[in-house]
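# Understanding the architecture of this molecule
As a plain string of letters, each chain reads:
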Amino acid sequence: MSNPLAAQQLSASQRAKMFIQKSPARMAFIIAALIYLVTIIISPTSLNPSAIGSIIMLTLLLSFASAGQTIVLIGGGMDFGVGAVMSSAAILTTTIMNGKDGHFLQLLVTALAMGAVVGLLNGVCTVKIGLPPMIVTLAISNVVTRMQYVLTQGSPMGYASPTFIKTVTSRLFGLQFLPSIVLYAIIIIPLVYFLLNRSRFGKQVYLVGNNPTAARLNGINVARVQILTYVFSGLFAAFAGMLGAAYMNAARCQIFDEYAYNSLIAVIIGGTTLSGGIGSYTGSIAGSLVMVVLSNALTTVGLSQPVRNVFMGLIMVLLLILYNREKKVRQ
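None of these values were measured; they are calculated from a predicted model. (Residues numbered from 1 in each chain as written. Predicted model: local features only at pLDDT ≥ 70, side-chain atom pairs only at ≥ 80, totals over all residues. Heavy atoms only, no water.)

### Some remarks on helix 11 (residues 222-248)
Helix length check: helix 11, at 27 residues, gives a terminal C-alpha distance of 39 Å against a target of 39 Å (1.5 Å per residue), a fit within 8%. Of all 27 residues making up helix 11, 21 are buried, and the element is well covered by its neighbours. Of the residues trailing helix 11, Asn249 is marked for its positive phi of about 75°. (Helix = DSSP H or I, 4+ residues; strand = E, 2+ residues; numbered from the N terminus. Expected span 1.5 Å × (residues − 1). Buried < 20%, exposed > 50% of the residue type's maximum accessible area, 1.4 Å probe, protein only.)

Structure representation (structure tokens):
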């Protein structure tokens with residue numbers, strides 16, 4: 001005879017698994033809230049408007065970098081060049097602005113062009129030549145990083161302009177928990193949502209990521225779509241690097257290299273699968289929040305950076321297990 005209690009427990013376990021897999025964004029927000037609650041219990045001073053404002057700022061910065069990573073992963077690729085592009089854009093920001101206002105448009109065009117070119121190279125080498133995306137994006141990011149040292153000779157150059165810094169770090173209406181970077185979020189978040197959920201390109205990205213053969217039979221130029229995902233990744237990473245330079249005020253070589261892995265983990269936490277075809281930007285924002293509050297919690301506990309990196313690696317492995325899902329449509 002079956003045990004009713006065991007059946008109930010199994011049912012509860014199955015429901016929990018289904019909730020994680022079908023509602024990864026909501027699950028990520030819940031995890032972030034629980035982590036922050038634990039942080040407050042450990043250090044009650046963590047609950048203050050300024051700390052909340054910092055969490056919002058860092059979450060949005062990571063979510064902007066994760067926007068392109070989300071598009072690439074849904075399309076069946078992977079981009080480890082996000083950090084290098086961000087660092088390069090940050091260096092361009094401080095070099096072009098050099099602490100003076102009036103150069104934003106020049107910076108925007110230059111930084112986005114750089115990001116688009118790097119993304120195009122990643123896409124062409126991955127899609128057209130057929131090289132593994134991990135190897136290609138790591139190799140090209142290494143070249144981009146070397147170019148940072150060539151440009152700066154290894155020393156910081158210039159500063160972001162005062163006005164640009166204010167548009168990122170100042171508090172709106174004098175509220176410490178409301179950084180002005182949310183004004184950029186008002187533009188970026190709807191833009192990414194439109195690209196993925198309302199545009200023809202977004203629908204093609206999901207179909208290509210889920211089943212490239214079916215996409216090709218439906219008349220979709222698979223190579224073009226996949227290359228464009230890398231271009232968008234470069235564009236969003238470059239823009240995030242500009243904002244990051246304003247947040248940091250100055251920039252140095254490889255300053256945002258860790259975002260290559262942080263953006264990938266954030267996207268996975270949000271439910272986007274490495275196999276492609278499944279994911280959402282809402283989930284990536286939630287995953288970014290988890291990453292930020294988790295890093296904050298580990299810092300509060302007093303763990304060193306190397307130990308925090310080990311924890312992040314272990315968490316990524318755990319999440320890969322929890323969020324692993326098979327595609328509904330197989331090639």
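From this point, the discussion proceeds with the structure in view.
### Quick notes on the layout of surface pockets
Counted as a void, the largest pocket has a volume near 760 Å³. Among the elements of the structure, helix 3 (49-74), helix 11, helix 12 (259-269), helix 13 (281-301) and helix 14 (305-322) are those that each provide at least two residues to the lining of the largest pocket. (1 Å grid on protein atoms, 1.4 Å probe; cavity = no way out; pocket = protein on both sides within 12 Å on 5 of 7 lines; lining within 4 Å. Points joined across faces, edges and corners; volume = space filled by probe spheres on them.)

### What about the packing of aromatic side chains?
Ring pairs (aromatic) are described by centroid distance and by the angle formed between their planes. Across all of its chains, the model carries 5 aromatic pairs by this definition. Between Tyr184 and Phe239, the aromatic rings sit 5.8 Å apart at their centres with planes inclined by 65°, giving edge-to-face as the arrangement. In this pair, Tyr184 sits in helix 8 (residues 182-197) while Phe239 sits in helix 11, placing the two residues 55 residues apart along the sequence. On the accessibility criterion, Phe239 (15% relative accessible area) is buried. Where Phe201 meets Phe232, the ring centres are 5.3 Å apart and the plane angle is 45°; that geometry is what we call tilted. Of this pair, Phe201 sits in helix 9 (residues 200-210) while Phe232 sits in helix 11, placing them 31 residues apart in sequence. For Phe201, a relative accessible area of 12% translates into the label buried. (Phe/Tyr/Trp six-rings, centres within 6.5 Å; stacked < 30°, edge-to-face > 60°.)

### Regarding the packing of helix 5 (residues 104-128) against helix 6 (residues 133-152)
For the pair helix 5 and helix 6, interaxial distance at closest approach is 9 Å and the crossing angle is 145°. As helix 5 runs across helix 6, the sense of the crossing is right-handed. Note on element contacts: helix 6 touches helix 5 through Pro133, Val136, Thr137, Ile140 and Val144, opposite Val118, Leu121, Asn122, Cys125 and Thr126. Tallied by class, residues from the contact of helix 5 with helix 6 come to 7 nonpolar, 3 polar and no charged. (Axes fitted to C-alpha atoms, helices over the stretch in contact; angles between N-to-C directions. Left-handed = near helix turned anticlockwise from the far one by under 90°. Contact = heavy atoms within 4.5 Å. Nonpolar A, V, L, I, M, F, W, Y, C, P; charged D, E, K, R; others polar.)

### Things to note about the nonpolar core
Residues Phe64, Met86, Phe164, Ile181, Tyr184, Leu243 and Tyr281 are the most contacted members of the largest nonpolar core, which totals 81 residues. Discounting residues that sit within four places of it in the chain, Tyr281 has contacts with Ser63, Phe64, Ala67, Thr70, Ile188, Ile189, Val192 and Leu196. Leu73, Leu264, Val267 and Ile268 belong to the second largest nonpolar core, which has 6 residues in total. (Core = buried A, V, L, I, M, F, W, Y, C linked by side-chain atoms within 4.5 Å.)

### Remarks on the side chain of Ser161
On the secondary structure map, Ser161 appears in the loop between helix 6 and helix 7 (162-169). Classification of Ser161 as buried rests on a relative accessible area of 3%. Once you skip the residues sitting within four places of it in the chain, Ser161 turns out to touch Met97, Gly99, Lys100 and Asp101.

### A closer look at helix 13
Counted at 1.5 Å a residue, the expected span for helix 13 with its 21 residues is 30 Å, and the 30 Å between its end C-alpha atoms agrees. Two or three places before Gly283, at the start of helix 13, stands the capping residue Ser280, its side-chain oxygen 3.1 Å from that residue's backbone nitrogen. (Polar contact = N/O pair within 3.5 Å; in protein donor to acceptor, adjacent residues only side chain to side chain.)

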